[in-house]
Amino acid sequence: MPLADPHPTPLSLSIIIPMLNEAAGIQATLTRLQLLRASGVELIVVDGGSTDASVALAAPLADTVLKSEPGRARQMNLGAQNARGLALLFLHADTRLPPDKEQRAVTNLQQALAQHAWGRFDIQLAGKSRWLPVVASLMNLRSRLSGIATGDQGIFVRRDTFFALGGFPDQPLMEDIELSKRLKAHSSPACLRQKVISSGRRWDEFGAWPTIRLMWRLRYRYWRGVSATQLAKEYRDAR
């Protein structure tokens, strides 16, 4: 069923954060956004069934905390349907806007959306592996050349465009890639060089090059037509 847009849009920006068992970091993520919230940016957190204290920790620091069926795409779509912003920024729970430059990031985003229907930030990975700067540089280059963004780069989009294209597809993996493909067919993205900072825990835990190989293999197979459901199973098994 196509996504409906049921709400008026009196606010300039809504930040939508999907989470699942993020008690270790959600408080810090939201605390960094409180000045934006005080300036009128809406913060929406969508929980996918956490079994830890994530919801209790997020509630005082967000305008809305929603409970959703599991699945990042479903969570973000639910957040969008309840948002009031003219622009939507989808921010992963382990990703943060540039420290001490959050307001500038929002200004850059809004300026970009005056000329583009959507876009994303460059990314910096925070972690222990010495390969993380290389990984981040390759991610940024690949995204700039392909016009495809990943969710940890902070995808932002005009509200009307998001709903016109049906939102995130209801699939368990590659929802960000699929949305990017739809958006790219609509218009080219704004690729902001200002960097969001995302956790490199995946690369630290499983190794930089094994993780790179896994992600490229999954993306290649998705491009070849393998279903997102099958790839999600392989991703879980590989971890």
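Our structure's up above, just so we're on the same page.
Residues numbered from 1 in each chain as written. Predicted model: local features only at pLDDT ≥ 70, side-chain atom pairs only at ≥ 80, totals over all residues. Heavy atoms only, no water.

A.B. asks: Please explain the packing of aromatic side chains as it appears in this structure.
C.D. replies: The geometry of two aromatic rings is summed up by the distance between their centres and the angle between their planes. Under the counting rule described, the total for this entry stands at five aromatic pairs. Ring centres of phenylalanine 162 and phenylalanine 163 lie 5.5 Å apart, and the angle between their planes is 85°; this geometry places the pair in the edge-to-face category. This pair shows no difference in class: phenylalanine 162 is buried, exactly as phenylalanine 163 is. Measuring from ring centre to ring centre gives 5.7 Å for phenylalanine 162 and phenylalanine 168, while their planes differ by 65°; the resulting arrangement is edge-to-face. Residue class for phenylalanine 168 comes out buried when judged on its relative accessible area of 3%. Within the aromatic cluster, the residues linked to one another by ring pairs are Phe90, Phe162, Phe163 and Phe168. (Phe/Tyr/Trp six-rings, centres within 6.5 Å; stacked < 30°, edge-to-face > 60°. Buried < 20%, exposed > 50% of the residue type's maximum accessible area, 1.4 Å probe, protein only.)

A.B. asks: Can you walk me through the pattern of salt bridges in this structure?
C.D. replies: For side chains of opposite charge, pairing can occur when their charged atoms come near one another. Going through the model one piece at a time under the given rule, you end up with 10 salt bridges. The partner of arginine 201 in a salt bridge is aspartate 94, with the nearest N and O atoms 3.2 Å apart. Of the two residues, arginine 201 is situated in helix 9 (residues 201–206) and aspartate 94 in the loop between strand 4 (85–90) and strand 5 (95–96); the sequence distance between them amounts to 107 residues. The exposure class of arginine 201 is partly exposed, given its relative accessible area of 43%. When the shortest N-O distance is used, the salt bridge between lysine 181 and glutamate 178 registers 3.6 Å. One end of the pair is lysine 181 and the other is glutamate 178, both in helix 8 (residues 175–186) and three residues apart, which spans about a single turn. Taking relative accessible area as the criterion, lysine 181 reaches 42% and is therefore assigned partly exposed. Given a relative accessible area of 17%, glutamate 178 falls into the buried group. The structure contains a network of salt bridges with shared partners spanning Glu22, Asp94 and Arg201. (Salt bridge = Lys/Arg side-chain N within 4 Å of Asp/Glu carboxyl O. Helix = DSSP H or I, 4+ residues; strand = E, 2+ residues; numbered from the N terminus.)

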